2 protein chains.
Amino acid sequence: MARRTGRRPGNPDTREAILDAARAAFAERGFDAASIRAIAGTAGVDPALVHHYFGSKDQLFLAAMNFPVDPGEVVPKVLAGGQDGIGERLVRTFLGIWDSPAGTAGIALMRSAVSNEWTARLLREFITTQVLRRVLDQLDVDLAELPLRGSLVATQLIGLAMMRHVIRLEPVASADPETLVVAIGPTVQRYLTGPLPT
Amino acid sequence: MARRTGRRPGNPDTREAILDAARAAFAERGFDAASIRAIAGTAGVDPALVHHYFGSKDQLFLAAMNFPVDPGEVVPKVLAGGQDGIGERLVRTFLGIWDSPAGTAGIALMRSAVSNEWTARLLREFITTQVLRRVLDQLDVDLAELPLRGSLVATQLIGLAMMRHVIRLEPVASADPETLVVAIGPTVQRYLTGPLPT
DNA sequence: CGTTGAGTTCAACAGATGATGAGTTTCGTG
DNA sequence: CACGAAACTCATCATCTGTTGAACTCAACG
């Protein structure tokens, strides 16, 4: 079985080049507006090769999104210090991620989620099952309050990311991260641990 | 002068029908993804008629956005009660607008601003010159702090609108408005009148 | 009536897009 | 070496896009 002759699949890094170009394009223009031709162009590759590797534009998008920060690794760090100051730590970590290569994927996901229903579902599920659930699982609050607290936090953080990286409204767009941490941290803290409307 | 013969322009409401269809389409799909053909279709009209009335897709978009809430009318109402409770009043008014017909235009503007540079500029200028400036002009705070306070508020409010009307994350998406007012009002209040990082 | 001009439609162009399938090159293995 | 499979390219299709210009309809005016 499995006669393995022929050229080995351990191919060079053109596959990664395509993924990089795809992430950049999706981040800059969103899913619909980013064209496979343009992606292939900046990757120095024939458009058909993209299909050869990834099959369809949808699957290319999925592949390009497939190295976000692993929430299972980063969330515990944020929670490590206990409930005191968790708001500021969360905002600080959140801001840091957007400046990393994973942030490109995040911007791509956010941009795409706005005009494309299935990418919106993707973002929603990522937020709920990957981030909020992990954070709130380890937080000492009433179980019935978790969803509201979680989505309130999401409200503030997504708004922050939108203003800073998509709409680029000044001075938030180029503000020093620590300034934002001090300003917004208490908000997140209150949403997580403060009193809530009934 | 002005020899006026021929069919009078006192035409029926097909022009308004086009604008309604355009607002709906832009709100649902964003500027790029909304097609003139689809708009003409739901308006029961030939696509060429859209161009006859509005010239180009850009101008159609501008015309469709041209009946937002007049900020010059709504802002004073929010400010009327003084600084106490202005946070809650702002959130309440903000939420109300999105459920009105003008909210459709707002969603359209937000959706479009994400994947289209010139509509993003439009949204940015609307936020800064029409809303934030008016609100902060009448607020008793240090002039140097205005931009930061303003964009922090924008951060929270845009995030709220995004989560409630675009991403539709539960339970924020279908929460009772007053619940959100009580939860988010204090945040806005603090951004406007509370202490700030230096 | 008959001319005028706005309301409206038809047909078509030029460009871009995602996708396909056949073909060519390149290289590891037997 | 020779063969097979993967990496890669070319040409092309069908579709959709915004936009244009010529045509037709028809109510109002002289």
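Peer 1: Lay out the overall build of chain A in plain terms, naming residues and giving numbers.
Peer 2: A tally of regular secondary structure across chain A gives ten helices and zero strands. Based on the C-alpha atoms only, the size of chain A along its principal axes is roughly 65 × 50 × 30 Å. In chain A, which comprises 198 residues, the share counted as buried stands at 48%. Counted over contacts in chain A with a minimum sequence separation of 6, partners at least 24 positions apart contribute 69%. Mean positive and mean negative side-chain charge positions of chain A (21 and 21 charges, respectively) differ by 8 Å.

Peer 1: I'd love a proper account of the interface of chain A and chain B, names of residues and values included.
Peer 2: Contacts between chain A and chain B engage 38 residues on the former and 38 residues on the latter. Summed over both partners, the interface of chain A with chain B comes to about 3,500 Å²; 72% of that surface belongs to carbon and sulfur atoms. Applying the counting criterion to the chain A and chain B interface returns zero salt bridges. Seen at the junction of chain A and chain B, the total is twelve residue pairs in polar contact (both at pLDDT 80 or more).

Peer 1: Can you tell me about the pattern of salt bridges, naming the residues and giving the values?
Peer 2: Tallied over the full model, the rule gives eight salt bridges over all chains. Among the salt bridges present, the one from Glu145 of chain A reaches Arg149 of chain A, with a minimum N-O distance of 2.9 Å. Given a relative accessible area of 4%, Arg149 of chain A falls into the buried group. Linking Arg92 of chain B and Glu178 of chain B is a salt bridge whose minimum nitrogen-to-oxygen distance equals 2.8 Å. With Arg92 of chain B in helix 6 (residues 86–99) and Glu178 of chain B in helix 10 (residues 177–193), this pair connects stretches of sequence that are 86 residues apart. Arg92 of chain B gets classed as partly exposed once you look at its relative accessible area, which sits at 37%.

Peer 1: So what's going on with the nonpolar core? Residues and values would help.
Peer 2: With 136 residues, the main nonpolar core has Phe26, Leu60 and Met162 of chain A together with Phe26, Leu60 and Met162 of chain B as its most contacted residues. The residues contacting Phe26 of chain B, other than those within four sequence positions of it, are Phe31, Ala34, Ile39, Lys57, Leu60, Phe61, Ala108, Arg111 and Ser112 of chain B.

Peer 1: I'd love a proper account of the relation of the copies chain A and chain B, names of residues and values included.
Peer 2: Each copy superposes on the other: chain A lies on chain B with an RMSD of 0.1 Å after a rotation of 180° and an axial shift of 0.0 Å. The transformation just described matches what one would write down for a two-fold rotation axis. Rotation axis and chain A: the residue whose C-alpha lies nearest the axis is Gly159 of chain A, separated from it by 1.7 Å. In this assembly, 100% of the residues forming the interface of chain A have copies in chain B that are likewise at the interface, indicating an isologous arrangement.

Peer 1: If you had to explain helix 5 (residues 71–79) of chain B to someone new, which residues and values would you point to?
Peer 2: Residues and elements named next belong to chain B. Of the residues making up helix 5, those classed as buried are Pro71, Val75, Val78 and Leu79. Taken end-on, helix 5 shows its buried residues confined to a sector of 95°, consistent with a single buried face. Counted as exposed and oriented over 90 degrees from the buried face of helix 5: Glu73 and Lys77. On its buried face, helix 5 sits against helix 6 and helix 8 (117–137).

Peer 1: Can you explain the side chain of Thr119 of chain A? Please cite residues and give values.
Peer 2: All names here are of chain A. With respect to the helices and strands, Thr119 occurs in helix 8 (residues 117–137). Judged by relative accessible area, Thr119 falls into the buried class, the value being 0%. Apart from the residues lying within four places of it in its own chain, the contact partners of Thr119 are Phe61, Leu109, Ser112 and Ala113.

Peer 1: I'd like to hear about the domain arrangement of chain A, residue by residue, with values.
Peer 2: All names here are of chain A. Domain parsing of chain A yields domain 1 (14–65) and domain 2 (71–193). For domain 1 and domain 2, the distance between their C-alpha centres works out to 27 Å. Each partner contributes residues to the interface: domain 1 has 14 residues there, and domain 2 has twelve residues. Here domain 1 and domain 2 share an interface that buries about 970 Å² over both sides, 70% of which is from carbon and sulfur atoms. Three residues stand out in domain 1 for area buried against domain 2, namely Ala27, Phe61 and Met65, and they jointly supply 43% of the buried area on that side. Run the count over domain 1 and domain 2 and you get zero salt bridges. Linking domain 1 with domain 2 are three residue pairs in polar contact (both at pLDDT 80 or more), by the criterion used here.

Peer 1: Run through the packing of aromatic side chains, naming residues and quoting values.
Peer 2: Tallying each qualifying case throughout the model produces 14 aromatic pairs over all chains. Between the aromatic rings of Phe61 of chain A and Trp118 of chain A, the centroid separation amounts to 5.8 Å while the plane-to-plane angle is 85°, which identifies the pairing as edge-to-face. Taken together, the residues Phe61 of chain A in helix 4 (residues 57–65) and Trp118 of chain A in helix 8 connect sequence positions 57 residues apart. Here Phe61 of chain A falls in the buried class, since its relative accessible area comes to 0%. Pairing Phe26 of chain B with Phe61 of chain B gives two aromatic rings, centres 4.9 Å apart and planes at 75°, and the pair type is edge-to-face. Placement of Phe26 of chain B in helix 1 (residues 14–33) and of Phe61 of chain B in helix 4 (residues 57–65) is noted, with a sequence separation of 35 residues between them. Using a relative accessible area of 0% as the deciding quantity, one classes Phe26 of chain B as buried. Three or more aromatic residues link up through ring pairs in this structure, and these residues are Phe26, Phe31, Phe61 and Trp118 of chain A. The cationic tip of Lys57 of chain A hangs over the ring face of Phe31 of chain A; the distance from NZ or CZ to the ring centre is 4.8 Å.

Peer 1: Quick one: what's the story with unusual backbone geometry, residue by residue and with numbers?
Peer 2: Of note, the bond from Glu170 of chain A into Pro171 of chain A is cis; its omega dihedral lies within 30 degrees of zero at 5°. Tracing the backbone through its elements, the reader meets Pro171 of chain A in the loop between helix 9 (146–166) and helix 10 (177–193). A positive phi angle, close to 60°, is found at Arg168 of chain B, a residue other than glycine. Along the chain, the position of Arg168 of chain B falls in the loop between helix 9 (146–166) and helix 10. Of the residues examined, Arg168 of chain B reaches a relative accessible area of 43% and is grouped as partly exposed.

Conventions we followed
- Residues numbered from 1 in each chain as written.
- Chains lettered and ligands numbered in written order.
- Predicted model: local features only at pLDDT ≥ 70, side-chain atom pairs only at ≥ 80, totals over all residues.
- Heavy atoms only, no water.
- Helix = DSSP H or I, 4+ residues; strand = E, 2+ residues; numbered from the N terminus.
- Buried < 20%, exposed > 50% of the residue type's maximum accessible area, 1.4 Å probe, protein only.
- Contact = heavy atoms within 4.5 Å.
- Lys, Arg positive; Asp, Glu negative; His and termini not counted.
- Charge placed at Lys NZ, Arg CZ, Asp CG, Glu CD.
- Buried area = accessible area lost by both parts, 1.4 Å probe.
- Salt bridge = Lys/Arg side-chain N within 4 Å of Asp/Glu carboxyl O.
- Polar contact = N/O pair within 3.5 Å; in protein donor to acceptor, adjacent residues only side chain to side chain.
- Core = buried A, V, L, I, M, F, W, Y, C linked by side-chain atoms within 4.5 Å.
- Least-squares fit on C-alpha atoms with pLDDT ≥ 70 in both.
- Arc of directions from axis to C-beta.
- Domains from an automatic or database assignment.
- Phe/Tyr/Trp six-rings, centres within 6.5 Å; stacked < 30°, edge-to-face > 60°.
- Lys NZ or Arg CZ within 6 Å of the ring centre and 35° of its normal.

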